[in-house]
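These are the residues of each chain, in order.
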Amino acid sequence: MMLILVLLTSCTQPQKEEKAAIVVGFSQSGTESNWRKRHTESIKEELGKENYQVLYRNGFMNQERQIQDIRTFIAYKVDIIIFTPLKEDGWEPVLKEAKDAGIPVIITDRNVNITDNSLFLTHIGPSFKAEGNRAGLYAYNYFKDKEKEHINILELKGLSSTSPTTLRHDGFMETIQRDPRMNITLTRDADYIRLKGKEQMNKLIEEGLLEDIDILFSHNDEMTHGALDALDAHKVKKDLVIITIDGQEDMITQLKKGRINAVVECNPNAGWYVRNTISRYFNNQSIPQEIYMPETIFSDQSQLDAIPTRNY
Ligand code: AHR
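As the structure is a computational prediction, the values presented were derived from the model and not from experiment.

(A) Here's a closer look at the site of the ligand. The environment of the ligand is made up of Glu32, Ser33, Trp35, Arg36, Asp109, Arg110, Pro164, Arg168, Tyr192, Asn220 and Asp246. Ser33 is positioned such that a nitrogen or oxygen atom in its side chain is 3.2 Å from an oxygen atom of the ligand. Contact between the ligand and Asp109: an oxygen atom at 3.0 Å from a side-chain N or O atom of the residue. Coverage of the ligand by the protein chains reaches 100% of its 280 Å² of free accessible surface. Broken down by secondary-structure element, the contributors of at least two residues to the shell around the ligand are α2 (34–48) and α6 (163–176). The class makeup of the residues in the shell around the ligand is 3 nonpolar, 2 polar and 6 charged. Of the domains in this structure, domain 1 (23–124 + 268–294) and domain 2 (128–266) are the two that each give at least three residues to the shell around the ligand.

(B) Broad picture of the nonpolar core. Ranked by internal contacts, the top residues of the largest apolar core, which has 27 residues, are Leu154, Met201, Leu210, Leu216, Leu231, Ile242 and Ile260. Those elements giving two or more residues to this core turn out to be β6 (151–157), α7 (194–206), α8 (221–233) and α9 (249–256). Broken down by element, the residue count for this core peaks at 5 residues, all from α8. Setting aside residues up to four positions removed in sequence, Ile260 forms contacts with Thr224, Leu228, Ile242, Thr244, Met251, Gln254 and Leu255.

(C) A look at the packing of aromatic side chains. All told, the structure shown has 7 aromatic pairs when counted by the stated rule. Ring geometry for Tyr142 and Phe143: centres 4.9 Å apart, planes at 65°, overall edge-to-face. Judged by relative accessible area, Tyr142 falls into the partly exposed class, the value being 25%. Of the residues examined, Phe143 reaches a relative accessible area of 5% and is grouped as buried. Through a chain of ring-to-ring contacts, the aromatic side chains of Tyr138, Tyr142 and Phe143 assemble into a single cluster. The ring of Tyr56 is capped by Lys44, whose NZ or CZ atom sits 3.9 Å from the centre of that ring. Geometry around Tyr142 places Lys146 over its ring, the cationic atom sitting 4.3 Å from the centre.

(D) Here's a closer look at the sheet that holds strand β12 (residues 297–299). Pairing is mixed across the open sheet formed by 6 strands, whose spatial order is β7-β6-β8-β9-β10-β12. Looking at the sheet topology across the chains shown, the edges are occupied by β7 (182–189) and β12. Across the sheet, the mean angle from the axis of one strand to that of its neighbour is 20°, orientation sign disregarded. In the packing of α8 onto the sheet, the strands contacted are β6, β8 (215–218), β9 (241–246) and β10 (262–265), and the crossing angle to β9 comes to about 150°.

(E) Summary view of the pattern of salt bridges. Under the defined criterion, the tally for this structure stands at 21 salt bridges. With a shortest N-O distance of 4.0 Å, Arg57 and Asp69 are connected by a salt bridge. Within this pair, whereas Arg57 is found in strand β2 (residues 53–58), its partner Asp69 is found in helix α3 (residues 63–76), the two being separated by 12 residues in sequence. On the basis of relative accessible area, Arg57 is assigned to the partly exposed category, the value being 27%. In this structure Asp69 comes out as buried when scored by relative accessible area, which is 7%. Connected through shared salt-bridge partners, Glu32, Arg36, Asp109 and Arg110 make up one network.

(F) Up close: α3. Taking 1.5 Å of rise per residue, the 14 residues of α3 would be expected to cover 20 Å, and the 20 Å separating its terminal C-alpha atoms lies within 8% of that figure. Looking at α3, one finds that the buried residues are Gln63, Gln66, Ile67, Asp69, Ile70, Phe73 and Ile74. Burial along α3 is one-sided: seen end-on, the buried residues are contained in an arc of 155°. Away from its buried face, by an angle of more than 90 degrees, α3 presents the exposed residues Glu64, Ala75 and Tyr76. Turning to α3, the residues buried within the fold contact β1 (23–28), β2, β3 (80–83) and α4 (92–100). For α3, the N-terminal capping position is held by Asn62, with its side-chain oxygen 3.0 Å away from the main-chain nitrogen of Glu64. Note on α3: the residue one or two positions beyond its end, Lys77, has a positive phi of about 60°.

About the thresholds
- Residues numbered from 1 in each chain as written.
- Predicted model: local features only at pLDDT ≥ 70, side-chain atom pairs only at ≥ 80, totals over all residues.
- Heavy atoms only, no water.
- Near = heavy atom within 4 Å.
- Polar contact = N/O pair within 3.5 Å; in protein donor to acceptor, adjacent residues only side chain to side chain.
- Areas by Shrake-Rupley, 256 points an atom, 1.4 Å probe, with all protein chains shown as cover.
- Helix = DSSP H or I, 4+ residues; strand = E, 2+ residues; numbered from the N terminus.
- Nonpolar A, V, L, I, M, F, W, Y, C, P; charged D, E, K, R; others polar.
- Domains from an automatic or database assignment.
- Core = buried A, V, L, I, M, F, W, Y, C linked by side-chain atoms within 4.5 Å.
- Buried < 20%, exposed > 50% of the residue type's maximum accessible area, 1.4 Å probe, protein only.
- Contact = heavy atoms within 4.5 Å.
- Phe/Tyr/Trp six-rings, centres within 6.5 Å; stacked < 30°, edge-to-face > 60°.
- Lys NZ or Arg CZ within 6 Å of the ring centre and 35° of its normal.
- Pairing = 2+ DSSP bridges.
- Axes fitted to C-alpha atoms, helices over the stretch in contact; angles between N-to-C directions.
- Salt bridge = Lys/Arg side-chain N within 4 Å of Asp/Glu carboxyl O.
- Expected span 1.5 Å × (residues − 1).
- Arc of directions from axis to C-beta.

As far as function goes, none of this settles anything; it's purely spatial.
Below you can see the structure in the form of structure tokens.
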């Protein structure tokens, strides 16, 4: 009788102990745009499909705060860190701390400027240079057959010392230089923020500097919205070719209304790629050091009704 009892209890006991959930630390840089909010949601949504325990921190566009957030993840001994750098420089020491603690790091969206690439597992993000190329190519094609002596461009730039700002500018220059009539004659910084875009455009209008401008090249939709608000407030009626980057739903609406000319897509949906990379890492599969996400351009020459609904 005793023997049967022992055998039965041993059969009902779990064979193996349940594996502890993988702990993921996710440090986001801020919430400055609808694009950024979608980027965060996309990653959280996909991580939610796995049995991961996710620790999320928002850096509120403050690099020191983000560094502190990463240090907190290291102190918690998380299994992996996902991090969206606010700026390019200044990350090497904290990434080294993560490496010394044996914690792999996935970088998403913007790039970091470091000398030792072994400090991170992979970078998953858009090709910012290609986005600039697409914007410039649209401008080039738009004016190709138009008779005009000079084509003056106003560039509304995003946050300085960040890879999207540098590379979007470089990519744009690369394609507009095919036409010697095209020049960036005015540059203003608006940090990817709508209100700053509006302030900069207000000033330019009030100073009479917009009169000679033919093209507005804006590094993101939020700043473009701000610029449009300023144009409306001053009732400016002029032919201005407007090219913007991101592809938020609210900007596609402006494109459909004929208010702007082209929207270069910046893909915020990094979540699937992040989830896939984490799974590959824990299954000892190879991971490329750079993962680009697919992107396109929507313009007044696109089939506007065929543009897929955006989720941001
Ligand atoms: O780093 C990507 C850029 O940051 C997006 O274009 C912009 O909207 C965001 O704030």
